[in-house]
Amino acid sequence: MLVCRRAASAISAGSGRWAGCLHGRRLSMAKSKFEYVRDFEVDDTCLPNCWIVVRLDGRNFHRFSEQHEFKKPNDDRALHLMTKCAQTVMQELEDIAIAYGQSDEYSFVFKKKSRWFKRRASKFMTHVVSQFASSYVFYWKDYFKDQQLMYPPGFDGRIVLYPSNQNLKDYLSWRQADCHINNLYNTVFWMLVQRSGLTPVQAQDRLQGTLAGDKNEILFSEFNINYNNEPLMYRKGTVLIWQKTNEVVTKKIKLPKEAEEKEVEVTRTRTKVVPLHCDIIGDQFWEEYPEILAEDS
């Protein structure tokens, strides 16, 4: 009992000797008979020399968007909030080379040579999804100023590895093609509902079996809408890349022979996450930003 009291007294006094001694005891005590349970853990190390893609999707976002009165077919507030969350993820996890988002999904591409958390898949996925979900709640009021968040949103995630640059480009092309297909359908669908007075079931029946050309014709002939003039963010989605930008800031400095400080403008170069709304299926984007796929990026 006396030894215990002395130990407690030493710890409260900040004694390094006692702290080190007790720390050593804790380490030895950690090797218990229960430690065998660690053998059940699965090795989830991602294969080397592969692009690591984490894609997250909103869980039950059809219901979520209805209950929070999202505008149809596209709500700028929701799309900008998703992008803000994705930017936050990229700023926190700097090994992300590029991200792409549309609707309620975002894909984050980690560098081929990333050694982040020893390339453990569970770490990649949980960090991305948790950071994104918490950011969604944190920044909600910045975009939905008059709309209260009624309940916490949920997101699920998955990880896919792509060994070659072409595999990765094809993956991102697939997601952008999906954006075009879904947005074209939704644009026509909601025009039929909102402006022609059809019920959702009637609009769905009207569009059943139609091709892209048919949908474009409906938009133009019945609603005077040229789909190609719709905002690029709706048609192409959002690409997030790292880009060097110049920022002008005001700084107070004291000049020689001057009694008082003077405000001067200073230009600083910073690397920021920049949103783009452009085509990534063709070669032009990749030729313009070759550093994204560079081995030493």
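In case you missed it, the structure is sitting above this.
All values derive from a computational prediction rather than experimental measurement.

Enquirer: Please give an account of the pattern of salt bridges that cites residues and values.
Expert: Think of it this way: side chains of opposite charge can pair up when their charged atoms draw near. Under the criterion given, the structure shown has nine salt bridges. In this structure, the salt-bridge partner of E35 is R38, at a minimum N-O distance of 3.7 Å. Under the relative-accessibility criterion, E35 is labelled partly exposed at 28%. A salt bridge links R55 to D57, with the shortest nitrogen-to-oxygen separation between them at 3.9 Å. With respect to class, R55 is no different from D57; both count as buried. One salt-bridge network, in which partners are shared between bridges, spans R55, D57 and R158.

Enquirer: Please set out the sheet that holds strand 3 (residues 105–110) residue by residue, giving values where relevant.
Expert: Within the open sheet, the six strands sit side by side as 4-1-3-2-5-6. Their pairing is antiparallel. For this open sheet the edge positions go to strand 4 (155–162) and strand 6 (262–276), each flanked by a neighbour on one side alone. Averaged over neighbouring strand pairs, the angle between their axes works out to 25° when direction is ignored. Docked against the sheet, helix 5 (residues 121–138) engages strand 1 (51–58), strand 3 and strand 4, running at close to 140° with respect to strand 4.

Enquirer: Help me get a handle on the environment of Q147, residues and values and all.
Expert: Along the polypeptide, Q147 turns up in the loop between helix 6 (140–143) and strand 4. Measuring from C-alpha to C-alpha, the distance between Q147 and E69 comes to 8.4 Å, with 78 residues separating the pair along the chain. Apart from the residues lying within four places of it in its own chain, the contact partners of Q147 are H68, E69, W140 and K141.

Enquirer: Quick one: what's the story with helix 4 (residues 76–92), residue by residue and with numbers?
Expert: Residues three or four positions apart in an α-helix share a direction because the helix packs 3.6 residues into each turn. Taking 1.5 Å of rise per residue, the 17 residues of helix 4 would be expected to cover 24 Å, and the 24 Å separating its terminal C-alpha atoms lies within 8% of that figure. Three or more residues of helix 4 are buried, namely A78, L79, L81, M82, T83, C85, A86, Q87, T88, V89 and M90.

Enquirer: How would you sum up the pairing of strand 2 (residues 96–102)? Please name residues and give values.
Expert: The element strand 2 is extensively covered by neighbouring structure, given that seven of its seven residues are classed as buried. Here strand 2 pairs with strand 3 via six bridges, running antiparallel. Within strand 3, the position partnered with G101 by the bridge is Y106. Counted between consecutive antiparallel strands, the loop separating strand 2 from strand 3 contains two residues, among which S103 sits at a positive phi close to 50°. Two elements, strand 2 and strand 5 (residues 238–253), share four bridges in a ladder whose sense is antiparallel. Opposite I98, over in strand 5, you have I241 as the bridge partner.

Enquirer: Please provide a residue-by-residue account of the packing of helix 7 (residues 165–194) against helix 8 (residues 200–207), values included.
Expert: When two helices pack together, their arrangement is given by the angle between their axes and by how far apart the axes lie. Remark: helix 7 packs on helix 8, axes separated minimally by 9 Å, with the N-to-C direction vectors making an angle of 130°. Relative to helix 8, the element helix 7 is oriented oblique. Seen along the crossing, helix 7 lies across helix 8 with a hand that is right-handed. Within the contact between the two elements, helix 7 uses Y185, V188, F189, L192 and V193 and helix 8 uses P200, A203, Q204, R206 and L207. By residue class, the composition of the contact of helix 7 with helix 8 is eight nonpolar, one polar and one charged.

Enquirer: Before we move on, can you summarise a nonpolar patch on the surface with the specific residues and values?
Expert: Taken together, the side chains of Y36, V37 and F40 make up a nonpolar region of the molecular surface, amounting to roughly 370 Å² of accessible area. With respect to the helices and strands, F40 occurs in the loop between helix 2 (16–30) and strand 1. You can call F40 exposed: its relative accessible area is 66%.

Enquirer: Quick one: what's the story with the nonpolar core, residue by residue and with numbers?
Expert: Formed by 34 residues in total, the largest nonpolar core has its most connected members in Y106, F108, F110, F132, Y136 and F155. Those elements that provide at least two residues to this core are strand 1, helix 3 (61–67), helix 4, strand 2, strand 3 and helix 5. Filtering out sequence-adjacent residues up to four positions away, F132 remains in contact with L56, M82, C85, A86, V89, Y106, F108 and F155. Among the nonpolar cores identified, the runner-up in size contains 21 residues, and I98, V239, I280 and F285 belong to it.

Enquirer: With reference to specific residues and values, describe the packing of aromatic side chains.
Expert: For the structure shown, the criterion picks out 27 aromatic pairs. With 5.2 Å between their ring centres and 35° between their planes, Y162 and Y171 make a pair best called tilted. Residue Y171 is classed as buried on the basis of its relative accessible area, which comes to 3%. An aromatic cluster of at least three residues, connected via ring pairs, comprises F61, F64, F70, Y106, F108, F132, Y136, W140, F144, Y151 and F155. Lying over the aromatic face of Y139, K84 brings its terminal NZ or CZ to 4.9 Å of the ring centre. Above the ring of W174, the side-chain terminus of R175 is found at 4.2 Å from the ring centroid.

Conventions used here
- Starting from 1, residues in each chain are numbered consecutively following that chain's sequence as written.
- With pLDDT at 70 or above as the cut-off, local features in this predicted model cover only qualifying residues; side-chain atom pairs require 80 or more to be listed or tallied, and sums for whole chains, interfaces and linings still use all residues.
- As a rule here, side-chain values come from all non-hydrogen atoms in the structure, and water together with hydrogens is ignored.
- Salt bridges are identified by distance alone: a Lys or Arg side-chain nitrogen within 4 Å of an Asp or Glu carboxyl oxygen.
- Categorising residues by exposure relies on relative accessible area from a 1.4 Å probe, with only protein chains included: less than 20% of the type maximum marks a residue as buried, more than 50% marks it as exposed, and the intermediate range marks it as partly exposed.
- DSSP-based pairing: two strands are paired if at least 2 bridges between them are found.
- The numbering of helices and of strands both runs from the N terminus, where a helix is a DSSP run of H or I of at least 4 residues and a strand a run of E of at least 2.
- The axes are straight lines fitted to the C-alpha atoms, using for helices just the contacting stretch, and the angles between their N-to-C directions are given from 0 to 180°.
- The contact definition used throughout considers only heavy atoms, calling two residues in contact when any of these lie within 4.5 Å.
- Helices are assigned an expected span. That span is 1.5 Å times one less than the residue count.
- Angle categories are assigned with fixed cut-offs, so that under 35 degrees is roughly parallel, over 145 is roughly antiparallel, 65 to 115 is roughly perpendicular, and the rest are oblique.
- In this scheme, a crossing is called left-handed if the near helix is turned counterclockwise away from the far one by less than a right angle; it is called right-handed if the turn is clockwise.
- As a working rule, the residues Ala, Val, Leu, Ile, Met, Phe, Trp, Tyr, Cys and Pro are called nonpolar, Asp, Glu, Lys and Arg charged, and the rest polar, with Gly in that last group.
- To count toward a patch, a residue needs a relative accessible area over 30% and no salt bridge; like charges are then connected within 9 Å, while nonpolar side chains (Val, Leu, Ile, Met, Phe, Trp, Tyr) are connected within 5 Å.
- Residue exposure ignores everything except the shown protein chains as possible cover, and the areas themselves are Shrake-Rupley values with a 1.4 Å probe.
- Residues grouped as a nonpolar core are buried Ala, Val, Leu, Ile, Met, Phe, Trp, Tyr and Cys residues, joined through side-chain atoms within 4.5 Å.
- Between 30 and 60 degrees the pair is tilted, below 30 it is stacked and above 60 it is edge-to-face, where a pair is any two Phe, Tyr or Trp rings, Trp via its six-membered ring, whose centres lie within 6.5 Å.
- Whether a charge lies above a ring is judged from NZ of Lys or CZ of Arg, which has to be within 6 Å of the ring centre and within 35 degrees of the ring normal.

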